Amino acid sequence: MSRAVVLGGGLAGVLAAAVLAGHADEVVLVEGDRYPSGPRPRRGLPQSHHSHVLVAGGARALDALLPGTVDALLANGAHLRGLPGDALIFSADGWFRRLRTDAHLISCTRGLLDQVVRRRALGGGGVEVWEDTRALGLTGDEARITGVSVSRRGAPPETVRADLVVDATGRRSHAPRWLAGVGAGDIEEVSVATGLAYATRLYQAPGDLAAAIPAIMLHPGTAKGQPARGATLFPVEDGRWIVTLTGTRGGEPPTDEQGFTAFARSLRHPIVADLMAEATPLGAVRPYRDTVNRRRFFERARLPAGFAVVGDAAVAVNPIHSHGMSVAALGALRLRDELARHGIGPSLFAGLQAALAAEAERSWRMAIEQDGQRVTARVTARIGERAGEQAAERAGEQGAERAGEQVTERVTERAGGDNVPRREPNAFEREIRTRLAQAKLSSPRLAAAFFGVQTLICDDTATDRSEIARVLTGRPEPLLTGEEAIGQHPALAAWLRSRFAAATG
């Protein structure tokens, strides 16, 4: 009888347990807290009250793992917004034009998403769930993990035998200490601080605009010598909006009512503050500060057979990037593929951790490249932008493509040093760089924005590649004003006009 034990009952753990149920005779899911009875925040999830979105790649992976899950989320009130077609986006370089692609995001509260996924993943009875159970450590030795020591509901420790133990305990994982306890070697770790903090509040939206609103993203500005500040507003279930305000060191969003409102009003555009003023606050402002990007390179260590690490326990990026849930789903899909190929046995363990790490690679690289630019900007007087400008001047207009590469390389080296894995740009990234050069768009921020669309939210289809390449080909269009950008979204524009008319009598 084969048995798998999954430590951690969050999204990554639930999906891993659901996958393992198809390959092990017994699957035990160990959760340190108790699950809420409804779609409410889970006590063991530090950022459960904050904005969560599932981007296109993650949504596809989730549906591949648990068919019908996306439809179930939408049926329960989640919202689907195309990117950037159904989004109002104010980047550091200007307002985005609407563009129809297959890229999208699904927004809802984390409580709803977790409840829907748990029901579909655990409802079949193939997974035994142990709530209120603490994982204490691994059993076995440096060559082979044989199980895990746990304490159920405060009872004395007991040992659970396992052919495979999967750590899905998130950012607070004790896996390096557990491995040291059985004689395994040290785990290499890299952290990239962001200096970013955010605060979130739910609102009951006005009925005429609750569901019609686009996803709204005000990216942080780049005023010299000033903390960067931004905001997002997403529609969620039950006619509510979730508003998150972000700020870098020295410009952290306040958590009191007056300060939170004033912070929103101080942003580069008043749209989020205007919407907040017409909505009804629900509950307190919730702060969050643990935005460090951290990677533990388990794949580089000689892990004992019978042990694997998934989700944030291995690679945890700044939550503001909204990668975590999608990476968890993609990792579970990769786990399923590896199990289908090898089963639970020696051939699985040889390459499993490297395969799981590969699924998080794009997320990690994008996060440290973007956040690394913020870090080095604070330390070296905006080295990213200046390096791009100086390199472009030296190389001339035809060197814009190489200038973008140099910016990425310098920032990445400063942020992660030799621990940052290198990879060659893929064909689409090379095409994007070529188009940027042709369009004389050497701004690192523009490059990062387009690379981000490709690597994280775009479906990898010819439609997306051709559409984005089309936009980048030829003469750049004039930048939109805020009024023109909002005018692209008729319901929002009409609401603002009616609000102005009412205010002016």
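Up top is the structure these notes are about.
Here is what the cut-offs are and how they apply
Residues numbered from 1 in each chain as written. Predicted model: local features only at pLDDT ≥ 70, side-chain atom pairs only at ≥ 80, totals over all residues. Heavy atoms only, no water. Phe/Tyr/Trp six-rings, centres within 6.5 Å; stacked < 30°, edge-to-face > 60°. Buried < 20%, exposed > 50% of the residue type's maximum accessible area, 1.4 Å probe, protein only. Helix = DSSP H or I, 4+ residues; strand = E, 2+ residues; numbered from the N terminus. Pairing = 2+ DSSP bridges. Axes fitted to C-alpha atoms, helices over the stretch in contact; angles between N-to-C directions. Contact = heavy atoms within 4.5 Å. Parallel < 35°, antiparallel > 145°, perpendicular 65-115°, else oblique. Left-handed = near helix turned anticlockwise from the far one by under 90°. Nonpolar A, V, L, I, M, F, W, Y, C, P; charged D, E, K, R; others polar.

Give a detailed account of the packing of aromatic side chains, specifying residues and quantitative values.
Two numbers describe a pair of aromatic rings. These are the distance of the centres and the angle of the planes. In the structure shown here, the tally under the stated rule is two aromatic pairs. Both rings, one in F90 and one in W95, keep their centres 4.1 Å apart while their planes meet at 5°; by these two values the pair is stacked. By relative accessible area, F90 is classed as buried at 13%. Relative accessible area serves as the criterion here: at 8%, W95 is assigned to the buried category. Relative to Y288, the ring of Y198 has its centre 5.3 Å away and its plane inclined at 40°; by these criteria the two rings are tilted. Note that Y198 is positioned in strand 14 (residues 196-204) and Y288 in strand 18 (residues 280-288), a separation of 90 residues in sequence. The pair Y198 / Y288 is uniform in exposure class, with both members buried.

Tell me what's going on with the sheet that holds strand 3 (residues 52-55), and back it up with residues and numbers.
One open sheet accounts for three strands, arranged 3-7-4; its pairing is antiparallel. Of all the strands in the sheet, just strand 3 and strand 4 (79-82) have a single pairing partner and so form its edges. Adjacent strand axes in the sheet meet at a mean angle of 30° when their direction is disregarded. Taken together, the four bridges between strand 3 and strand 7 (residues 104-108) define a ladder with antiparallel strand orientation. Bridging from a neighbouring strand, V53 pairs with S107 of strand 7. Contacting strand 3 and strand 7, helix 2 (residues 56-65) runs over the sheet at an angle of about 75° to strand 3.

Let's hear about the sheet that holds strand 10 (residues 145-152): which residues, and what values?
The strand order across the open sheet built from three strands is 9-10-11, with neighbouring strands paired in antiparallel fashion. Looking at the sheet topology across the chains shown, the edges are occupied by strand 9 (133-140) and strand 11 (158-161). The average angle at which neighbouring strand axes cross in this sheet is 35°, direction not considered. Of the strand pairs in this sheet, strand 10 and strand 11 are connected by four bridges, and their pairing is antiparallel. When the sheet's bridge partners are listed, G147 is paired in strand 11 with R161.

Break down the packing of helix 2 against helix 8 (residues 324-342) for me, citing the residues and quoting the values.
Contact pair helix 2 / helix 8: the axes reach a minimum separation of 8 Å and the direction vectors enclose 40°. On the basis of their axis angle, the class for helix 2 and helix 8 is oblique. Viewed along their axes, helix 2 and helix 8 form a crossing whose handedness is left-handed. On helix 8, the residues that touch G57, G58, A61, L62, A64 and L65 of helix 2 are S326, A329, L330, A332, L333 and R336. Counted by class, the contact of helix 2 with helix 8 contains eight nonpolar, three polar and one charged residues.

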